[in-house]
Amino acid sequence: MNSLHSTSHSVHVLKFISQFRSTPKFCILKRNVTSNLENYGSNHFSNSTASTSIKAARDGVDTAVVVEEEGPKLRKFQVFEGHPVPFGATVRDGGVNFAIFSANAVSATLCLISLSDLPENTVTEQFFLDPLTNKTGDVWHVHLKGDFKDMLYGYKFGGSFSPEEGHYYDPSQIVLDPYAKAVISRGDFGVFGSDDNCWPQMACMIPTADDKFDWEGDSLLKYPQRDLIIYEMHVRGFTQHESSRTEFPGTYLGVVEKLDHLKELGVNCIELMPCHEFNELEYYSYNSVLGDYKCSWMLFSITQLKEMREVPFYLSKELIIVSITCLLLRYWVIEMHVDGFRFDLASIMTRSSSLWDAVNVFGSPIEGDLVTTGTPLGSPPLIEMMSNDPILRDVKLIAEAWDAGGLYQVGMFPHWHIWSEWNGKYRDIVRQVIKGTDGFSGAFAECLCGSPDLYQERGRKPWNSINFVCAHDGFTLADLVTYNEKHNLANGEDNNDGENHNNSWNCGQEGELTHISVKKLRKRQMRNFFLCLMVSQGVPMIHMGDEYGHTKGGNNNTYCHDNYINYFWWDKKEESSSDFFRFCRLMTKFRHECESLGSNDFPTAERLQWHGHAPGTPDWSETSRFVAFTLIDSVKREIYIAFNASYLPVIITLPERPAYRWEPLVDTAKPAPFEFLSCDLPERDTAMKQYSHFLEANLYPMLSYSSIILVLLPVDNA
């Protein structure tokens, strides 16, 4: 993440993406990409004496105004009227054209800030734009020629300060250009500005003709979504821990140094969070519990999300297409070669804004157009336009289908057959089943099939379900089986923050210090969760660190910790005792090998059969804690998968397959490394013999809280 705070951050990001793509079959999803002018506009800059009022002839010919400022810092610029398009700062005609939209501003000033002046909150030079010559419609523009080396820019706007009308003009503040290609603030993560200022001195970077990146022939992979295994990663947290031993810890380049780990794990898609500039010191405060300081770990806070409802997204259809879709998202796809986006709390984008008006949005009134602020819309304009955009409709669009205001749209998010969803119902049901809660066997079967109850009727596919057990919010996988209650005292909020309903189970004793028998059960449960994720139809998502059992000590809301709590512990992953990583990589490999586990369609009775303790007799009763099925697979012939979430062991009868035999592959109840009988496992033949007397009778014993996978092989000499 430090790379985002440097003048070369775009190159670092591009180098990371380029090197990541050079590995086999990878794609990248970026997290929600937005621009919040209100947030950025709170940065105060003092003015230097350098200023210029621009007046150019409007006779159809650009007129140069040569401005020679006094002082050692100042430079010579030629100033022209400029052009209203394209928006942003654009290299053209031997200089840079600046253009920005503002419908209600009465004055506009282009501010240039040198790198040396940025830490001092000082504007190096400013150019007052003449509304007669430097404004076309609602677009302010100017063209400059001169020396832009190490120079940044921003704007000041004058107008009314009328919050009730959505106007917050204050000419004393610098605001960022939402069309800027890059943003720069402090040099180091978490370091104060001048006068102990927590707010970064943000400014936009001016492009140059030399801003080229050699992609070496790389293009979008367009990897089928059904084949993805997503890895949710925090860029800084991935390599910031000292045990990473990387040259560039906490940065995109640090991630590049650790790509071999992701290849070994078997993931082919990284979901970065966050992937762009934000103020990590926004809520900076002393934390007396840990004796350190709170540091924003994620981009958004709940307060900011509530304020977003008042942001006038729906001013006009054309404005949304240009300023939101075309600029931000298309830029990431076209220029950064990003394959998709996940939008956290995406349901907020389906609500009407305070300025909702069908005439503004669609150009004409519609029948029954009486919509109050915050009402969910059946066809939200922003979602609709993204879904039908010729570029964006060809990349992955993933919604966290709920928001902070309580709107829950899992299975109902407006989708145009394009959008996928974080399947929160999958998470909740799987957690209930694996920990042994009655009444969920039927719902669990739906989850294993890709949740057709949520997605099939509305014309979507299994891959529209992003399946996950854990994510950046909530317990880690290890904590899910270690704690019944949240332990958030380290946040300094008296344990009042965070989710209270985690559907977790500590396996008999709270906390990490416990009996060996409890620890063994916890490992078994972790394997059960991961196995379930890998054999379910839909797209599995793994959260960073879960592959080795990362713990946050029961903290389910680590939004404020830039420390070991959120860092990936490479030393733990590399310990010989971290056998869970081996299990995870073998399970992802198994999923990739099975044609039937990434199906494009929901499974039917032609290839899937449900079983109970006996073949063909599933038990869907309220007290059932056993679910089993066979799945015909063109590569593996047929696979048998079963979950015993009961506290009692059971001996099951396997389906008869004449001329074939069932061979054990996975049994989560076995100690490592015999829980996964890979072909290269020493003493594999000896382990197989332990099953022989059961398998000869077409039986298999399952311990409590365990799951198994068996594969079908021809009988020798049959």
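Residues numbered from 1 in each chain as written. Predicted model: local features only at pLDDT ≥ 70, side-chain atom pairs only at ≥ 80, totals over all residues. Heavy atoms only, no water.

Taking an unreviewed UniProt entry as the reference, the chain is identified by name as Isoamylase 1, chloroplastic-like isoform X4 belonging to Populus euphratica. Under Sequence similarities (unreviewed entry), UniProt gives the following word-for-word description of the chain: "Belongs to the glycosyl hydrolase 13 family." (UniProt positions renumbered as here; feature names shortened; annotations may be inferred.)

The helix and strand tally for the chain stands at 17 helices and 35 strands. Going through the 718 residues of the chain one by one, you find that 56% of them count as buried. Counted over contacts in the chain with a minimum sequence separation of 6, partners at least 24 positions apart contribute 72%. Accessible surface computed for the chain: about 29500 Å², of which carbon and sulfur atoms make up 52%. (Helix = DSSP H or I, 4+ residues; strand = E, 2+ residues; numbered from the N terminus. Buried < 20%, exposed > 50% of the residue type's maximum accessible area, 1.4 Å probe, protein only. Contact = heavy atoms within 4.5 Å. Areas by Shrake-Rupley, 256 points an atom, 1.4 Å probe, with all protein chains shown as cover.)

As a further point, take the nonpolar core. Within the largest apolar cluster, 114 residues are counted, with the highest numbers of intra-cluster contacts made by Y231, F341, W419, M587 and F590. Element by element, the count of residues in this core is highest for helix α14 (residues 516-535), at 10 residues. Ignoring any residue separated from it by four or fewer positions in sequence, one finds M587 in contact with F530, L531, M534, V535, V666, F676 and I709. Of all hydrophobic cores here, the second largest spans 27 residues; its members include A108, Y155, L176 and M202. (Core = buried A, V, L, I, M, F, W, Y, C linked by side-chain atoms within 4.5 Å.)

Take the sheet that holds strand β33 (residues 660-667) next. Read from one edge to the other, the open sheet built from five strands follows the order β29-β30-β31-β35-β33, with strand pairing classed as antiparallel. Lying at the two open borders of the sheet, with one neighbouring strand each, are β29 (608-611) and β33. Geometrically, the sheet is characterised by an average inter-axis angle of 20 degrees between neighbouring strands, direction not taken into account. Note: β29 against strand β30 (residues 626-633), four bridges, orientation antiparallel. Bridge pairing in β30 links H611 to A628. Packing of helix α11 (residues 441-448) onto the sheet brings it into contact with β29, β30 and β31 (637-644), and relative to β30 it is tilted by some 25 degrees. Sitting on the sheet, helix α17 (residues 684-695) touches β33 and β35 (706-714), and the angle it makes with β33 is about 120 degrees. (Pairing = 2+ DSSP bridges. Axes fitted to C-alpha atoms, helices over the stretch in contact; angles between N-to-C directions.)

It is worth spelling out the side chain of N488 at this point. Summarising the element assignment, N488 is placed in the loop between α13 (477-480) and α14. Taking the relative accessible area as the measure of exposure, N488 reaches 0% and is therefore buried.

Glancing now at the packing of helix α10 (residues 424-434) against α14. Between α10 and α14, the shortest axis-to-axis distance is 11 Å and the interhelical angle comes to 140 degrees. Put simply, α10 runs oblique to α14. The element α10 and its partner α14 pack so that their crossing is right-handed. Residue-level inspection shows Y426, V430, R431 and I434 of α10 in contact with α14, the latter providing Q525, N528, F529, C532 and L533. Class assignment for the residues of the contact of α10 with α14 results in six nonpolar, two polar and one charged. (Parallel < 35°, antiparallel > 145°, perpendicular 65-115°, else oblique. Left-handed = near helix turned anticlockwise from the far one by under 90°. Nonpolar A, V, L, I, M, F, W, Y, C, P; charged D, E, K, R; others polar.)

The next point concerns the packing of aromatic side chains. For the structure shown, the criterion picks out 33 aromatic pairs. With a centroid separation of 5.9 Å and 80 degrees between ring planes, the pair formed by F77 and F127 is classed as edge-to-face. Pair noted here: F77 is in strand β6 (residues 76-80) and F127 is in strand β11 (residues 125-129), with a separation of 50 residues, a long-range link. Looking at F127, the relative accessible area reads 0%, which means it is buried. One aromatic cluster is present, built from ring pairs that chain together F77, F98, F127, F148, Y153, Y155 and F157. Its guanidinium or amino end placed over the ring of F581, K573 lies 4.5 Å from that ring's centre, counting from NZ or CZ. (Phe/Tyr/Trp six-rings, centres within 6.5 Å; stacked < 30°, edge-to-face > 60°. Lys NZ or Arg CZ within 6 Å of the ring centre and 35° of its normal.)

Among the structural elements, R522 can be located in helix α14. The side chain of R522 is buried and forms no salt bridge, while E510, the nearest opposite charge, is found at 6.5 Å. In this structure the side chain of R522 is engaged in a polar contact, spanning 2.8 Å, whose partner is the backbone oxygen of G511. Here R522 is in contact with V481, T482, N506, C507, Q509, E510, G511, E512 and T514, once residues within four sequence places are set aside. (Lys, Arg positive; Asp, Glu negative; His and termini not counted. Salt bridge = Lys/Arg side-chain N within 4 Å of Asp/Glu carboxyl O. Polar contact = N/O pair within 3.5 Å; in protein donor to acceptor, adjacent residues only side chain to side chain.)

Moving on, we come to helix α16 (residues 579-593). For α16, which comprises 15 residues, the first-to-last C-alpha distance of 22 Å matches the rise-based estimate of 21 Å (1.5 Å per residue) to within 8%. Counting buried positions along α16 yields 11 of 15 residues, so the element is predominantly enclosed. Residues D579, F580, F581, R582, F583, C584, L586, M587, T588, F590 and R591 constitute the buried set of α16. (Expected span 1.5 Å × (residues − 1).)

Attention now goes to the environment of E271. Examined against the element boundaries, E271 turns out to sit in strand β21 (residues 269-273). Separated by 40 residues in sequence, E271 and Y231 place their C-alpha atoms 5.9 Å apart.

What follows concerns the environment of V123. With respect to the secondary-structure elements, V123 resides in strand β10 (residues 122-123). Here the alpha-carbon distance between V123 and L112, two residues 11 residues apart in the chain, equals 6.3 Å.

For the rest of this paragraph, the subject is unusual backbone geometry. Residue P86 follows V85 across a cis peptide bond; omega there is -5 degrees. Here P86 shows up in the loop between β6 and β7 (88-92). In this structure, P673 follows A672 across a cis peptide bond, with omega equal to 5 degrees. Even without a glycine there, the phi angle at N121 is positive, about 60 degrees. Along the polypeptide, N121 turns up in the loop between β9 (107-114) and β10. Of note, E216 is a non-glycine position whose phi angle comes to about 55 degrees, a positive value.

Turning next to helix α9 (residues 381-388). Within α9, six of the eight residues are buried, which leaves the element mostly enclosed by the surrounding structure. Taken together, the buried positions of α9 are occupied by P381, L382, I383, M385, M386 and S387.

Parts of the model with low pLDDT should not have their predicted coordinates read in detail. Per-residue confidence for the chain averages 85 on the pLDDT scale, and 82% of its residues sit at or above 70. Low pLDDT, under 50, characterises residues 56-61; the predicted model gives this stretch 10 contacts beyond four residues in sequence or across chains. (pLDDT = per-residue confidence, 0-100.)

Here we take up a nonpolar patch on the surface. Taken together, the side chains of V289, L290, L489 and Y564 make up a nonpolar region of the molecular surface, amounting to roughly 370 Å² of accessible area. On the secondary structure map, L290 appears in the loop between β22 (285-287) and β23 (292-294). (Patch = residues over 30% accessible without salt bridge, like charges linked within 9 Å, V, L, I, M, F, W, Y side chains within 5 Å.)

Let us look at the packing of α14 against α16. Between α14 and α16, whose axes approach to 10 Å, the crossing angle comes to 20 degrees. Classified by the interaxial angle, the pair formed by α14 and α16 is roughly parallel. Handedness of the α14/α16 crossing: right-handed. Only D579, F580, F583, C584, M587, T588 and R591 of α16 make contact with α14, whose side of the interface consists of K523, M526, R527, F530, L531, L533, M534 and V535. Per-class residue counts for the contact of α14 with α16 are 10 nonpolar, one polar and four charged.

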